[in-house]
Amino acid sequence: MLFLTIVLLGAIVLAILFLIPGFTFPIKDRQGHDIPGGIASLEKVNLGGQEQWILIRGIDITKPVILFLHGGPGTSNMCLLRKYTDELEKHFIVTTWDQRGAGKSYKAINPHSSMTIDRFVLDTGELTQLLCHRFDRQKIFLVGHSWGSLIGILSIQKYPDLYHAYIGIGQIVNMQENEQISYDWTLAQATKAEDKRAIRTLTEIGTPPYTVDGQKKMMTQRRLLGKYGGELYGSSNGAFPLIFSSLISATEYTLLDKVYFFKGIFASNHLLWQELLTINLKKQELSFKVPVYFALGRYDYEAPSIIAEQYFQIIEAPKKEIIWFENSAHFANIEENEKFDYLLTNRILPTIALV
């Protein structure tokens with residue numbers, strides 16, 4: 001009877017947890033009062049015929065709009081960014097979006113035929129226009145991280161009139177070159193550390209690109225990359241603990257959303273990885289009509305910053321600038337959060353004629 005009672009209570013608690021809806025806390029002043037004119041909204045939007053989720057937060061709806069494109073494919077950063085955007089919410093209407101197949105938008109992974117790079121660019125354009133209409137803007141700011149930086153570059157090419165400026169973090173340029181440099185660096189670090197187990201593992205999976213068991217081999221290499229600080233500077237555990245802790249504590253995600261978070265990473269990578277490996281931005285249009293800023297971690301070997309720097313040298317834009325984050329790897333906006341906030345609020349925002 002005791003066992004059955006425990007099982008029943010456990011089932012009830014689990015059912016209750018699944019039924020608790022996601023929510024975002026209202027924005028309040030230091031006295032705990034709601035700030036008039038602010039916004040804190042977790043909501044569904046229809047993009048490309050599919051329901052997808054966005055989080056919008058800011059203390060003043062008259063401020064400029066900024067949209068963050070997460071990495072992956074499929075790795076939502078709604079929960080992670082929520083912990084690091086308090087300062088930005090004073091200067092922008094901060095919008096984070098779970099792309100189709102990611103996190104709260106996991107169900108939008110169907111049909112699988114819609115999981116193409118072109119479709120993500122179209123979704124970005126639709127969401128941008130929706131935000132412009134809602135907040136009565138002609139343009140917004142766009143930030144892309146990792147996979148999102150690819151979508152960001154392609155979006156400012158396709159919709160240049162919709163963006164004040166683009167900021168790329170962990171900028172992706174050439175995926176095959178990206179993977180080769182990342183692998184070589186990881187193997188070099190393992191060799192330097194005389195880590196025989198890591199050397200053996202890397203030798204067994206071989207050099208990229210991977211055509212057989214590609215996702216499994218890529219994940220193995222990323223795990224060892226994280227061990228040597230090429231994902232999160234100074235960390236031997238990579239970014240996973242940081243991401244996981246933010247996910248567990250996130251009120252914006254239901255328990256089911258948290259399950260979908262992990263499903264979305266694996267499923268999205270499976271569906272998009274081969275197309276991603278064909279990408280080489282150096283062979284595409286190199287002239288932009290939008291100011292371009294790259295926020296690069298000096299020790300980023302997940303999307304090696306050396307490739308982004310080479311790409312930066314050959315592009316043309318009304319204004320372009322590299323900002324180096326000397327104590328960061330792949331998550332410069334998180335690892336040096338204050339510096340990133342200052343970049344946006346004190347260096348980029350004042351140079352833009354807002355419309």
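Use the structure listed above.
What counts and how
Residues numbered from 1 in each chain as written. Predicted model: local features only at pLDDT ≥ 70, side-chain atom pairs only at ≥ 80, totals over all residues. Heavy atoms only, no water. Helix = DSSP H or I, 4+ residues; strand = E, 2+ residues; numbered from the N terminus. Contact = heavy atoms within 4.5 Å. Areas by Shrake-Rupley, 256 points an atom, 1.4 Å probe, with all protein chains shown as cover. Lys, Arg positive; Asp, Glu negative; His and termini not counted. Charge placed at Lys NZ, Arg CZ, Asp CG, Glu CD. Phe/Tyr/Trp six-rings, centres within 6.5 Å; stacked < 30°, edge-to-face > 60°. Buried < 20%, exposed > 50% of the residue type's maximum accessible area, 1.4 Å probe, protein only. Expected span 1.5 Å × (residues − 1). Bend = angle between axes of the 7 residues up to and from the residue. Arc of directions from axis to C-beta. Pairing = 2+ DSSP bridges. Axes fitted to C-alpha atoms, helices over the stretch in contact; angles between N-to-C directions.

1. What about the overall build of the chain?
Helix and strand counts for the chain come out as 12 helices and eight strands. Overall, the C-alpha framework of the chain stretches about 70 × 55 × 40 Å when taken along its three principal axes. Partitioning the contacts of the chain with sequence separation of at least 6, the portion at a separation of at least 24 is 73%. Accessible area of the chain: about 16,100 Å², with a carbon and sulfur share of 57%. Averaging the positions of the 35 positive and the 36 negative side-chain charges in the chain gives two centres separated by 3 Å.

2. Some points on the packing of aromatic side chains
Scanning all chains against the criterion turns up 12 aromatic pairs. Ring centres of Tyr106 and Tyr260 lie 4.8 Å apart, and the angle between their planes is 20°; this geometry places the pair in the stacked category. Taken together, the residues span a long stretch of sequence, with Tyr106 in the loop between β4 (93-98) and α3 (117-134) and Tyr260 in helix α9 (residues 255-276) at a distance of 154 residues. Since its relative accessible area comes to 15%, Tyr260 is described here as buried. Summarising the aromatic geometry, the rings of Phe240 and Phe244 are spaced 5.5 Å apart at their centres and angled 25° between planes, so their arrangement reads as stacked. Of this pair, Phe240 and Phe244 both sit in helix α8 (residues 240-249), four residues apart, which is roughly one turn of the helix. On the basis of relative accessible area, Phe240 is assigned to the partly exposed category, the value being 49%.

3. Let's talk about α9
Between its first and last C-alpha atoms α9 spans 30 Å; for 22 residues at 1.5 Å apiece the expected length is 32 Å, and the two agree. The axis of α9 is deflected most strongly, by about 40°, at His270. Of all the positions in α9, only Asp257, Lys258, Tyr260, Phe261, Gly264, Ile265, Ala267, Ser268, Asn269, Leu272, Trp273 and Leu276 are classed as buried. Structurally, α9 contributes buried residues whose contacts are with α3, α4 (147-158), α5 (175-192), α7 (214-227) and α8.

4. As for helix α12 (residues 337-348)
With 12 residues, α12 extends 15 Å between its outermost C-alpha atoms, agreeing within 8% with the 16 Å of an ideal straight helix rising 1.5 Å per residue. Asn337, Phe340, Asp341, Leu343, Leu344, Thr345 and Ile348 are the residues of α12 that are buried. The buried residues of α12 occupy an angular sector of 165° when projected down its axis, which confines them to one face.

5. Some remarks on the sheet that holds strand β7 (residues 292-297)
A sheet is described by the order of its strands in space; here eight strands give the open sequence β1-β2-β4-β3-β5-β6-β7-β8, paired in mixed fashion. What marks the edges here is a single partner per strand, and that holds for β1 (39-47) and β8 (320-325). Ignoring which end each strand starts from, the neighbouring axes of this sheet average 20° apart. Pairing of β1 with strand β2 (residues 50-58), which is carried by nine bridges, proceeds in the antiparallel orientation. Note that in β2 the partner of Ile39 across the bridge is Gly58.

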